[in-house]
Each structure stands twice: as C-alpha cells, then as structure tokens.
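Secondary and tertiary structure notes
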Amino acid sequence: MSTAVTAPSRRRRAFPDTPDAAETNAVFTRLAELPEGPEKRRLRDELTRAWLPMAVRLALRFRDRGESMDDLKQVAALGLVKAIGGYRPERGSAFESYAIPTIVGEVKRHFRDCTWGVHVPRRVQELRNTVRLAVRELAAASDSRFPTVSEIAERTRLSADDVILGLEAIESYKTLSLDAERPGADDDFALRDSIGFTESQYELVLARETVRDGLRGLPERERRILYMRFFCDMTQSRIGEELGLSQMHVCRLIKRTCARIREQADGTGPEAPASSVAA
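Residues numbered from 1 in each chain as written. Predicted model: local features only at pLDDT ≥ 70, side-chain atom pairs only at ≥ 80, totals over all residues. Heavy atoms only, no water.

Next up on the list: the packing of aromatic side chains. One pass over the full model with this rule turns up 6 aromatic pairs. Here W51 and F95 contribute two aromatic rings whose centre-to-centre distance is 5.0 Å and whose plane-to-plane angle is 70°, an arrangement assigned as edge-to-face. Of the two residues, W51 sits in helix α2 (residues 38-60) while F95 sits in helix α4 (residues 95-114), which places them 44 residues apart along the sequence. Across the pair, F95 and W51 agree in class, each one buried. (Phe/Tyr/Trp six-rings, centres within 6.5 Å; stacked < 30°, edge-to-face > 60°. Helix = DSSP H or I, 4+ residues; strand = E, 2+ residues; numbered from the N terminus. Buried < 20%, exposed > 50% of the residue type's maximum accessible area, 1.4 Å probe, protein only.)

The structure is reproduced here in structure tokens:
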C-alpha cells in the first residue's frame, strides 16, 4: 500500500498550505524503500505538487529585480526538485527547513550566474546587493533623494571605493541593445549613433606623412613616374611611352625608388643623395 500526500493540515507554519512534517516524512520514508520505477516517480510528483506553492512564494520574494516571474518560478521549482532529491528524514530536520534554503539558494544562484549582462566577480555582486539595499533604505528616509557615497559608506560600513564599485555594478546588471534610445534623450537617436568608429583614411594620412620626406628628395623624373603610376593609375608601358623609356626600365625604377623610400621610412637605410636612385 503506497503512502500519499494528503491535504495539508492547518498548523502554524511558515507555509501553512503545505503538508505537515509527519506526512511528508512518511512519504520520504516510503520513497527510500522503493526501487526506481513508476511508483517512486509518482510519489516524487505528488511531493512536488504538494510543496510547489511554497516554491512559488519563495520566488515571489525576488520579484521586481529585473527578472521574469515565470523564469523565477521555474528556477524555484527546480530548487524544489533538488530538495526532494536530497532530503533525508533520518537526519532529524523537517523537510521545510531543508527545502527553503535549497530553493532560495537556487534562485540566488540563478541571479548570480545567469542574469548579469557581463561577467562580474562574486564579491562585486555582493557589493552591489549591499549598496542597492542601502540606497533604497536611505532614499526612503530622505524623500527619495539619492544618497551620497559617504552616506552609503556610513550605512554599509564599506569604504568609499567599495561603494563606488557597487554603484557601478548596479549599472552593469543589464545590458542595453544598441538599437535602444539613448537614456534621457528625446532626439530619436539610438545608442549605436553615439558609438565612434575608426576612420579608414587615418592610415592613409599616416602613410603619406611617413613617405613625404623621401618623396621630396627624389629627382623630378622618379617623382613623376611614381605620380603617374600610383596617383594616375597608369601602366608601366604607358609611362614608358610618355617618358621615352622601356617598360622594363620603368619597372626597375619604380622598384628601386619604392625600396629606397621604404628603407628611409623604416629607418633601416642611409640618407643617401636623391641622385643615387636615378638610373
């Protein structure tokens, strides 16, 4: 004959709509005797349904913290399942006393590990919680005025640096989409509109300044060849026709001149007279 979870008795307990300790312990004792199978799974399901209202109420304690209540209820239910799996009545404590810290710990672990927008060390998370509570209490006592760092430090007995770290962590809890409007702005611009970008022409400007002195030291013919090749995008054959040179001669001049300028820009070559690069 199987043991069932009966309707809850109405003793004075933290959660009066849950079964009493004797009934619960009887079910757990029966669970320990049963092998894995349908009957054992049925009793676990009955325990879960009977104690689920307690898990839901514990989840409600964490509402208004930026997390969906449906998610919190699911996490609390998971904590209840873990409590049912780990409880041993022979150890002497009531299931309620064992389950409450297990469920609350599961919910807190969810906040610590799954809800932060960025990775934050546990110490900083604890500072955030301490500072957030102090801010709420001090603001309520001062007509919603945001407290100063020194007031928070005095209230929490933390250093000013730790208070500032906790305040910064409050802002790090949730991330904003780049498509979201800028906080406090009414100009319809999104956050992405305020993000800088790398100017693609900076490297070109730097390169031009790097070779400027080397180009100035070239003979007129070499400067003209480089201008026609790299600024006018003329072929070597076309340049040769313009200057009365062969294509191979133009090719050698370009390679030799570019190598000389590169060496001067890198500081690996001597400051030779410009005439030395001429054919």
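Moving on from the coordinates now.
What follows deals with the pattern of salt bridges. According to the stated counting rule, one finds 15 salt bridges in the structure shown. In this structure, E46 and R42 form a salt bridge, with 2.4 Å as the shortest nitrogen-oxygen distance. Here the residue E46 and the residue R42 both occupy positions in helix α2, the gap between them amounting to 4 residues, near one helical turn. Residue classification places R42 among the partly exposed positions, given a relative accessible area of 28%. One salt bridge in this structure joins E106 and K82, with 3.2 Å as the shortest N-O distance. (Salt bridge = Lys/Arg side-chain N within 4 Å of Asp/Glu carboxyl O.)

Our next topic: the confidence of the model for the chain. Confidence in the prediction for the chain averages 79 pLDDT; 82% of positions are at 70 or higher. Scored below 50 in pLDDT, residues 6-12 shows 14 contacts in the model against residues more than four places distant or in partner chains. Predicted confidence is poor over residues 272-279, with pLDDT under 50, and the contacts of this stretch with residues over four places away or in other chains come to 19 contacts. (pLDDT = per-residue confidence, 0-100. Contact = heavy atoms within 4.5 Å.)

This part takes up a nonpolar patch on the surface. A cluster of nonpolar side chains, contributed by Y227, F230 and F231, occupies part of the molecular surface with about 380 Å² of accessible area. Along the chain, Y227 falls in helix α9 (residues 220-231). (Patch = residues over 30% accessible without salt bridge, like charges linked within 9 Å, V, L, I, M, F, W, Y side chains within 5 Å. Areas by Shrake-Rupley, 256 points an atom, 1.4 Å probe, with all protein chains shown as cover.)

What follows covers helix α5 (residues 122-141). Here α5 is 20 residues long and its end C-alpha atoms lie 29 Å apart, about the 28 Å a rise of 1.5 Å per residue gives. Buried within α5 are the following residues: V124, Q125, L127, R128, V131, R132, A134, V135, L138 and A139. Where α5 terminates, the next one or two residues include D143, which has phi positive at roughly 55°. (Expected span 1.5 Å × (residues − 1).)

Another point: the nonpolar core. Of all hydrophobic cores here, the largest spans 26 residues; its most connected members are F28, L47, W51, L80, F95, I103 and V107. Those elements giving two or more residues to this core turn out to be α1 (21-33), α2, α3 (69-86) and α4. With 8 residues, the top contributor of residues to this core is α2. Membership of the second largest hydrophobic core comes to 10 residues, among which are M234, I239, V250 and L253. (Core = buried A, V, L, I, M, F, W, Y, C linked by side-chain atoms within 4.5 Å.)

This part covers the environment of I84. By the secondary structure assignment, I84 is in helix α3. The exposure class assigned to I84 is buried, which follows from its relative accessible area of 7%. Each C-alpha atom, one on I84 and one on W51, is 9.6 Å from the other, the two residues being 33 residues apart in sequence. Aside from chain neighbours lying at most four places away, what touches I84 is F28, R44, L47, T48 and F95.

Time to look at the environment of V149. With respect to the secondary-structure elements, V149 resides in helix α6 (residues 149-156). Looking at V149, the relative accessible area reads 29%, which means it is partly exposed. Excluding anything up to four places from it in sequence, V149 contacts A160, V163, I164 and L167.

Let's shift gears to the packing of α9 against helix α11 (residues 247-266). In contact at an axis separation of 10 Å, α9 and α11 are set at 100° when each is read in the N-to-C sense. On the basis of the axis angle, α9 is roughly perpendicular to α11. Mapping the contact onto sequence places R221, E222, I225, L226, R229 and F230 in α9 and V250, L253, I254, T257, C258 and I261 in α11. (Axes fitted to C-alpha atoms, helices over the stretch in contact; angles between N-to-C directions. Parallel < 35°, antiparallel > 145°, perpendicular 65-115°, else oblique.)

Excluding glycine, a negative phi dihedral is what most residues carry, and trans is how most peptide bonds are arranged. One non-glycine residue, R157, lies in positive phi territory at about 60°. Examined against the element boundaries, R157 turns out to sit in the loop between α6 and α7 (160-171). Residue D233 is not a glycine yet carries a positive backbone phi of 55°. Structurally, D233 can be placed in the loop between α9 and α10 (236-243). Judged by its relative accessible area of 63%, D233 falls in the exposed class.

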